[in-house]
Amino acid sequence: MSKNKLAGIIGGCIVVVIVVVVMACLQPTPEFHINVIPEQLNGDSIAGQHCVFLVTIIDEGQEGQPPVHISVTAPGSQVVIYKQDIVVGEVAEVVVIPAQASIGNTIEVTITGNRGSASDERLVSFDVVEGEDDRQEYAEELLDRFIPWLATNHPELGIKDDIAWNGTMVSPVWLVVSHYLFFSEEWEAHIEWHIMMPPDDWVRIDLRHRFDELEPSYAFEISSVNATSEPVPIEPPETVWR
């Protein structure tokens, strides 16, 4: 084979490779959409409350796409993001904590997802009112009514007596039924209780596995706190409480 012919073949191969690379670079990044839960809180918030939003993505590309990076702006608040880069099937948690200076104002939250040249965003808002967390101590007592029982009767959950929980008030303006959220490294626990005399003084807990579930997968009820009833399984709620 002559040198000129060999050079021509090599040159042609190089051109083909360059064209393939350029075409690959010009391909648009597969689009996606982000989903935020909830779209609206159950009532107003108070300063210092941890308002937790769950973020997932719906991917229009093929499987195995790179993660989507989540970013948030919420003027007048502190923002914390847990699991900032997610793929389909994973759940990010966006925590918005209103400042004292935001009392009487509306917090506008912009949640944005970015992957390459593709992006999507969602807007949520909530009002901040006067108030303080006056339910933490009792909520912790109620949580402690469930934890030893869960450790004994549902060891598959991995919930043990020595697990640390961080709590936050939720729905502060709700009166007859109070609500509180607790978070361990693995679980979200929503405690709700009926402020009534026995035998109507029930308390319930529902559990969501963090970072891969959007709604609770377990729920239990103590029918009467003062009667020291044992927890019993109940149907989990269809949505998280916020």
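For clarity, every value in this text was computed on a predicted model and none was experimentally measured.

I37 connects to P38 through a cis peptide bond whose omega is 0°. Looking at where P38 falls in the secondary structure, it is placed in the loop between β1 (32-37) and β2 (45-46). Positive phi values are uncommon outside glycine, yet K83 reaches one of about 65°. Relative to the helices and strands, K83 resides in the loop between β5 (77-82) and β6 (85-86).

Further remarks concern the nonpolar core. In this structure, I191 and L207 are the most contacted members of the largest nonpolar core, which totals 24 residues. Of all the elements in the fold, those that place two or more residues in this core are α2 (136-153), β11 (177-183), β12 (187-194), β13 (203-209) and β14 (218-222). Sorting elements by how many residues they give to this core places α2 first, with seven residues. Every residue in contact with L207, bar those within four places of it in the chain, is listed here: L150, L157, I159, W187, E188, A189, P216, S217, Y218 and F220. Listed in part, the 23 residues of the second largest apolar core include I34, C51, V94 and I111.

Attention shifts here to the pairing of β14. Across the five residues of β14, four count as buried, placing the element largely inside the fold. Direction of pairing for β14 relative to strand β15 (residues 232-233): antiparallel, over a ladder of two bridges. From the neighbouring strand, E221 faces β15, where its bridge partner is V232.

Attention now goes to the layout of surface pockets. Of the pockets and cavities examined, the largest pocket occupies roughly 220 Å³. Considering the residues around the largest pocket, the lining is formed by 14 residues, among which H50, Y82, N166, F183 and R210 are closest to the centre. For the lining of the largest pocket, the secondary-structure elements that each account for two or more residues are β5, β7 (92-98) and β10 (166-170). Considered class by class, the residues forming the lining of the largest pocket number six nonpolar, five polar and three charged.

Analysis parameters
- Residues numbered from 1 in each chain as written.
- Predicted model: local features only at pLDDT ≥ 70, side-chain atom pairs only at ≥ 80, totals over all residues.
- Heavy atoms only, no water.
- Helix = DSSP H or I, 4+ residues; strand = E, 2+ residues; numbered from the N terminus.
- Core = buried A, V, L, I, M, F, W, Y, C linked by side-chain atoms within 4.5 Å.
- Buried < 20%, exposed > 50% of the residue type's maximum accessible area, 1.4 Å probe, protein only.
- Contact = heavy atoms within 4.5 Å.
- Pairing = 2+ DSSP bridges.
- 1 Å grid on protein atoms, 1.4 Å probe; cavity = no way out; pocket = protein on both sides within 12 Å on 5 of 7 lines; lining within 4 Å.
- Points joined across faces, edges and corners; volume = space filled by probe spheres on them.
- Nonpolar A, V, L, I, M, F, W, Y, C, P; charged D, E, K, R; others polar.

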